[in-house]
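For reference, the chains in residue letters:
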Amino acid sequence: MTAGDDGATTTTTDTPPVRALYGEVVGQDGAVEQLRAMARQPVHAYLLVGPPGVGQRALVRGFAASLLCPMGGCGVCSTCRRALAGVHPDLVEVDRSGPSVTVDDARRVVRLAQRRPLEARRQVVAVSDLHLARLAAPVLLKTLEEPPGDTVFVLLADMVPTELVTVASRCVRIDLQPVSAESLTAWLTGQGVEDDLAREMATAARGSADRVRLLVDDAGFAARRRIWRDVPSRLDGTGATVATVASELLGAAEEAVEPLRLRHAADMQSLAEQAERNGERGVAGRKEIEDRHHREERRMRADELQAGLAVLAGAYRDRLAAEVTGARNAGAGRVAERVRELSGAVDAVEAVCVEMIRNPNESLMLEALLVRLSAVTG
Ligand SMILES: [Zn+2]
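Residues numbered from 1 in each chain as written. Predicted model: local features only at pLDDT ≥ 70, side-chain atom pairs only at ≥ 80, totals over all residues. Heavy atoms only, no water.

(A) Fine view of the environment of Ala275. Relative to the helices and strands, Ala275 is located in helix H13 (residues 239–277). With a relative accessible area of 5%, Ala275 lands in the buried category. Those residues within four positions of Ala275 in sequence are excluded, and the remaining contacts are Glu280, Gly282 and Val283. (Helix = DSSP H or I, 4+ residues; strand = E, 2+ residues; numbered from the N terminus. Buried < 20%, exposed > 50% of the residue type's maximum accessible area, 1.4 Å probe, protein only. Contact = heavy atoms within 4.5 Å.)

(B) A look at the coordination of the zinc ion. Distances from the zinc ion to its protein donors, namely Cys69 (SG), Cys74 (SG), Cys77 (SG) and Cys80 (SG), fall within the range 2.3 Å. Each donor residue of the zinc ion belongs to the same chain, with the gaps between them written as C-x4-C-x2-C-x2-C. By relative accessible area, Cys80 is classed as buried at 0%. (Donors = N, O, S within 2.8 Å, 3.2 Å for Na, K, Ca; no water.)

(C) The arrangement of unusual backbone geometry in detail. Here the phi dihedral of Asp129 falls at roughly 55°; this positive angle occurs in a residue that is not glycine. Here Asp129 is to be found in the loop between strand S3 (123–127) and helix H6 (137–145). In this model, Arg134 sits at a positive phi of 40°, which is unusual for a non-glycine residue. Relative to the helices and strands, Arg134 is located in the loop between S3 and H6. Overall, the relative accessible area of 47% leaves Arg134 in the partly exposed class.

(D) Local environment of the packing of helix H8 (residues 181–190) against helix H10 (residues 209–216). For the pair H8 and H10, interaxial distance at closest approach is 11 Å and the crossing angle is 30°. By the angle between their directions, the pair H8 and H10 is classed as roughly parallel. With respect to the hand of their crossing, H8 and H10 are arranged in right-handed fashion. Across the interface between the two elements, Leu184, Trp187 and Leu188 from H8 touch Ala209, Val212, Arg213 and Val216 from H10. (Axes fitted to C-alpha atoms, helices over the stretch in contact; angles between N-to-C directions. Parallel < 35°, antiparallel > 145°, perpendicular 65-115°, else oblique. Left-handed = near helix turned anticlockwise from the far one by under 90°.)

Written out as structure tokens, the structure is:
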């Protein structure tokens, strides 16, 4: 028996509707098809391998819903809804408690795996960042070789390093692809975002479905782009303007990180609730999870500044193109000088783009750049 195109109206087939369970997943058609097929007769361990941010969490939750739901993943019952929200007691999502997956983390996984399911006929234990398992791999291996009957493992890894090869050999492997800009753009336009803005967001998301999902909720995206694009016309050669513009640009980058901060707070809240349900005392590795959240927030802020600098370089490049096109109408000497000036501005912005990756003092670098650009007539 087969479901229809998207199965949206099918209620009694073996294959649950794609959208109900995997509606949050962007551009992973192959992996979704594999997971849907495997949900019918699950084995005890799966390994999802792919770059970060391509929708791992949404895939795990969709798959877990199909394994926990009494109807094989209807997408609408309480079991499905809780699994998809990551708050079903038989879906345990284990995050590492430090920079690597430690032996203690692995022991915690083993303990959780031996637990009986609380509500469903089986439980799903998802473990993130397994490429960072190193010493912990042998501990997990034993459980994977003698799996507890009711537990299905879903392991996630960015890649499969040598120490993980044996663990990987005990799992069914599913490869995840980086999300193409086309898929991200299509997803955004499906959410009602206009074409041009969707393309800009897809570029800014740098292949990450997680990032694009943050951007779509981010009402300030277009406004922040505009602040960067308007910089050349605002600079008037005074230090006061430089200070104002610099603080607006840095403030915009902070604002961009806000949705991620809110998401992190919500994640922490649901981890705390999960820990309580599992009878654990507090969230295991809370400090390390918070540290990781801060690292992700800093990285996003840095990416936002990079994206802004690219917009600024583009603004000068547009002026340069306009100058060259209109060259015949003005004195040749003046045009040559202006072209030199604007090319210098583009180079200066691009140099800061590169420099900012190494240099953590973003505000000083930005102010210095604006002072340099103040000499160029916008
Ligand atoms: Zn269901």
